[in-house]
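In case you want the letters, here they are:
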Amino acid sequence: MNSRLIPHFFALVALGAAAILLRGGLLPWPAVEIAAGIAALGIAAWALLQPARAAAAAARCALENAGALHEAEKAVRRKIAEMQRPEDLNSPLREVRRQLQTLGVDHDSASVQVVNEDGNDFVSIFPNTTQDISFQRLVDRAWPQESTNVADYPWVIEVWQSGRPHYDSSTGIGVWR
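Since we're looking at a predicted model, the values are computed, not measured.

Asks: Give me the lowdown on the overall build of the protein, citing residues and values where you can.
Replies: A count of helices and strands for the protein gives six helices and two strands. Written out in order from the N terminus, the α and β elements of the protein read α-α-α-β-β-α-α-α. The buried share of the protein, taken over its 177 residues, is 23%. Summed over all atoms, the accessible surface of the protein reaches about 12400 Å², with 59% contributed by carbon and sulfur.

Okay, structure coming up:
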């Protein structure tokens, strides 16, 4: 039963019982008025408690969300700590993707951008990247500009320089941000 209907249900039961008892002559008329007053009081008390119940539910939800985020972060940090060589970066990336799905975050992919020392080029490493030049970039970050990545995605360098995350909610179809 919907929790909003519970006080109304009890009020109807109380009034119905009073009506039955009144019809049978087992209950005097003032008792019906008392039953109606008690039912109305119950509805009023229920209505007064609703904001407190809503606040408690919101606090419980916030606590559950914080706990879920904490567990997701711990899982990713554990995978990072297990890394032994550059190629092991696939494991934390897969874990990031798994945790985002667990948290209900709709996303296309998860990747890490490795920026060269000069800040004029970067490579992206995605989960399940095979051993290639991208992993070598993790070890030797001194390479000359070889791509148009910075021109195509200038926000990556801005994030790298500032240390502040970037979010663009208005990405176009077919364009990743």
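Asks: Now, about the pattern of salt bridges: what can you tell me, with residues and values included?
Replies: Taken as a whole, this structure holds five salt bridges when the rule is applied. In this structure, R77 engages E73 in a salt bridge whose closest nitrogen and oxygen atoms are separated by 2.8 Å. Taken together, the positions of R77 and E73, both in helix 2 (residues 29-81) and four residues apart, correspond to about one turn of that helix. Owing to a relative accessible area of 54%, R77 belongs among the exposed residues under this scheme. Judged by its relative accessible area of 40%, E73 is partly exposed. Residue E95 is joined to R98 by a salt bridge in which the shortest nitrogen-to-oxygen separation is 2.8 Å. With E95 and R98 both in helix 3 (residues 90-102) and three residues apart, this pair spans about one turn of that helix. Here E95 falls in the buried class, since its relative accessible area comes to 8%.

Asks: Quick one: what's the story with the pairing of strand 1 (residues 112-115), residue by residue and with numbers?
Replies: Pairing analysis gives four bridges linking strand 1 to strand 2 (residues 122-125), with the strands arranged antiparallel. Of the residues in strand 2, the one forming a bridge with Q113 is S124. Hairpin remark: strand 1 followed by strand 2, antiparallel, with six residues in the connecting loop; positive phi at G119, about 70°.

Asks: Pulling in residues and values, what's your account of helix 6 (residues 154-162)?
Replies: Within the sequence span of helix 6, burial applies to W155, V156 and I157. In this structure, the buried residues of helix 6 make contact with strand 1, strand 2 and helix 5 (149-152). Looking one or two residues beyond helix 6, the residue adopting positive phi is G163, at roughly 75°.

Asks: Now, about the side chain of E95: what can you tell me, with residues and values included?
Replies: A polar contact is formed between the side chain of E95 and the side chain of Q99, at a distance of 2.7 Å. Setting aside residues up to four positions removed in sequence, E95 forms contacts with A75, V76 and K79.

The rules behind the values
Residues numbered from 1 in each chain as written. Predicted model: local features only at pLDDT ≥ 70, side-chain atom pairs only at ≥ 80, totals over all residues. Heavy atoms only, no water. Helix = DSSP H or I, 4+ residues; strand = E, 2+ residues; numbered from the N terminus. Buried < 20%, exposed > 50% of the residue type's maximum accessible area, 1.4 Å probe, protein only. Areas by Shrake-Rupley, 256 points an atom, 1.4 Å probe, with all protein chains shown as cover. Salt bridge = Lys/Arg side-chain N within 4 Å of Asp/Glu carboxyl O. Pairing = 2+ DSSP bridges. Contact = heavy atoms within 4.5 Å. Polar contact = N/O pair within 3.5 Å; in protein donor to acceptor, adjacent residues only side chain to side chain.

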